[in-house]
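Letter by letter, the chains look like this.
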Amino acid sequence: MPSLNASHKRPNYGIDAPNVVRGLFVGGSAALILGRLCLFAVKRGVMPWTRFAIAPCLSMGCILVLEAGVMFWGSKVGKLRLRDKLIATLPWRGDERVLDVGCGHGLMLIGAAKRLRGGKATGIDLWQKEDQAGNSREATWQNVLAEGVEDRVELHDGDARKLSFTDNFFDVVLSSWALHNIYDPAGREQAIREIVRVLKPGGHLVIVDIRHTAEYAQVLQAGQMKDVTRIGPNFIFVIPSYTLMATKPTPV
Ligand SMILES: C[S@@+](CC[C@H](N)C(=O)[O-])C[C@H]1O[C@@H](n2cnc3c(N)ncnc32)[C@H](O)[C@@H]1O
């Protein structure tokens, strides 16, 4: 874990899918500019046929720029609100061992750490920059310092498909918008099985994602998880996000 001094910076939980947000904004702006140019040309009597392009360019431009704006808001505001709501649904004692799988800048990790007094919140990630802008272990640790939870948090490099923890270790496992970044179904299934494996009997899991949540629910049900609930949709990233909650049964 990097040994950095206390930070006085505000936490920054990163922009998700930065290339998509940039693409939507640039594409939308280009369509708006083109639409305005066509309008200008028609008004001047130059290339009158461009009038057919005005409405499609302007409407498409507005849609794309709006989508980029919603995704940006989702990363900066929406996901923090949803995080707080989801964390509040769990029955905290304060001494839990918590795992955030694909923690990125520490969204769920830090939200959970704030609920702990004697437990530990562990974040693992591959820190892929295409999945979240400025993603790195050091950036996450800066957020941990900024939120004042460094005595309750550990960060590890790690892959969701092969968790380096023993069976039945964590009271709570969380994961937000991470697992869809595993592109093959077998890899996603393996990640869900790993989450179930490291969760203690009686432990709770919360997984939020924009894709494949029905598939995760099937794997959880096949893995004998109980109270598997899929909640949503939530449109903070335009594409609907769904939340899965489940509990690992205690042996009878
Ligand atoms: C969109 S970001 C979300 C980060 C954070 N959970 C949040 O909600 O802000 C997706 C994260 O999943 C991580 N990730 C992708 N594939 C992973 C894998 N196989 N194992 C662990 N982390 C992974 C990425 O590095 C990235 O940090």
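If you're wondering where the values come from, they're calculated on a predicted model, not measured in any experiment. (Residues numbered from 1 in each chain as written. Predicted model: local features only at pLDDT ≥ 70, side-chain atom pairs only at ≥ 80, totals over all residues. Heavy atoms only, no water.)

Caption draft 1: Focus on the overall build of the chain. The helix and strand inventory of the chain stands at 6 helices and 7 strands. Starting at the N terminus and ending at the C terminus, the chain contains elements arranged as α-α-β-α-β-α-β-β-α-β-α-β-β. A principal-axis box enclosing the C-alpha atoms of the chain has dimensions of 80 × 45 × 30 Å. In the chain, which comprises 252 residues, the share counted as buried stands at 46%. If you take every contact in the chain between residues at least 6 apart in sequence, the share linking residues at least 24 apart comes to 74%. When the accessible surface of the chain is summed, it comes to about 12700 Å², and 59% of that surface belongs to carbon and sulfur atoms. When the 31 positive and 24 negative side-chain charges of the chain are each reduced to one mean point, those points stand 8 Å apart. (Helix = DSSP H or I, 4+ residues; strand = E, 2+ residues; numbered from the N terminus. Buried < 20%, exposed > 50% of the residue type's maximum accessible area, 1.4 Å probe, protein only. Contact = heavy atoms within 4.5 Å. Areas by Shrake-Rupley, 256 points an atom, 1.4 Å probe, with all protein chains shown as cover. Lys, Arg positive; Asp, Glu negative; His and termini not counted. Charge placed at Lys NZ, Arg CZ, Asp CG, Glu CD.)

Caption draft 2: Quick peek at the nonpolar core. Grouped together as the largest cluster of nonpolar side chains are 32 residues, with contacts concentrated most on W92, V98, V153, L174 and W177. Put simply, the parts of the chain that give this core at least two residues each are helix 2 (51-88), helix 3 (107-113), helix 4 (137-146), strand 3 (153-157), strand 4 (170-176), strand 5 (199-209) and strand 6 (226-237). Broken down by element, this core gets its largest block of residues, 6 residues, from helix 3. With sequence-adjacent residues up to four places away left out, L174 is seen in contact with I87, L90, V98, L99, D100, V101, M108, A112 and V206. (Core = buried A, V, L, I, M, F, W, Y, C linked by side-chain atoms within 4.5 Å.)

Caption draft 3: Structural view of the site of the ligand. By nearness alone, 22 residues border the ligand, and K79, G102, D125, N135 and S176 come closest of all. Within the side chain of Q132, an N or O atom sits 3.0 Å from an oxygen atom of the ligand. One nitrogen or oxygen atom from the side chain of D159 is found 3.1 Å from a nitrogen atom belonging to the ligand. Protein contacts shield 98% of the accessible area of the ligand, which totals 590 Å² for the unbound molecule. The residue inventory of the shell around the ligand, partitioned by class, reads 8 nonpolar, 8 polar and 6 charged. (Near = heavy atom within 4 Å. Polar contact = N/O pair within 3.5 Å; in protein donor to acceptor, adjacent residues only side chain to side chain. Nonpolar A, V, L, I, M, F, W, Y, C, P; charged D, E, K, R; others polar.)

Caption draft 4: Structural view of the pairing of strand 5. Where strand 4 and strand 5 come together, 6 bridges link them in parallel fashion. Opposite V172, over in strand 5, you have H204 as the bridge partner. Taken together, strand 4, helix 5 (residues 185-198) and strand 5 form a β-α-β motif whose crossover is right-handed. Here strand 5 runs beside strand 7 (residues 239-247); their pairing, made up of 6 bridges, is antiparallel. Looking at the pairing, H204 lines up with T247 of strand 7. (Pairing = 2+ DSSP bridges. Right-handed = clockwise from strand over helix to strand, strands pointing away.)

Caption draft 5: The pairing of strand 3, seen in detail. Pairing geometry for strand 2 (residues 120-125) and strand 3, over 5 bridges, is parallel. Of the residues in strand 3, the one forming a bridge with A121 is V153. The β-α-β motif built from strand 2, the intervening helix 4 and the parallel element strand 3 has right-handed crossover chirality.

Caption draft 6: View of the domain arrangement of the chain. Domain boundaries assigned for the chain yield domain 1 (18-76) and domain 2 (89-247). Each of domain 1 and domain 2 has a C-alpha centre, and these two points are 37 Å apart. Counting residues at the interface gives 8 residues for domain 1, matched by 9 residues for domain 2. Across the interface of domain 1 and domain 2, roughly 580 Å² is buried in total on both sides, 74% from carbon and sulfur atoms. Taken together, the connections running from domain 1 to domain 2 amount to 0 salt bridges. Where domain 1 touches domain 2, the interface holds 0 residue pairs in polar contact (both at pLDDT 80 or more). (Domains from an automatic or database assignment. Buried area = accessible area lost by both parts, 1.4 Å probe. Salt bridge = Lys/Arg side-chain N within 4 Å of Asp/Glu carboxyl O.)

Caption draft 7: Examining helix 1 (residues 18-43) more closely. Taking 1.5 Å as the rise per residue, helix 1 with 26 residues should run 38 Å; its terminal C-alpha atoms sit 37 Å apart, in good agreement. Restricting attention to buried positions, one finds in helix 1 the residues P18, V21, L24, G28, A31, G35, C38 and A41. Buried residues in helix 1 make contact with helix 2. Directly after helix 1, the chain includes G45, whose backbone phi takes a positive value near 80°. (Expected span 1.5 Å × (residues − 1).)

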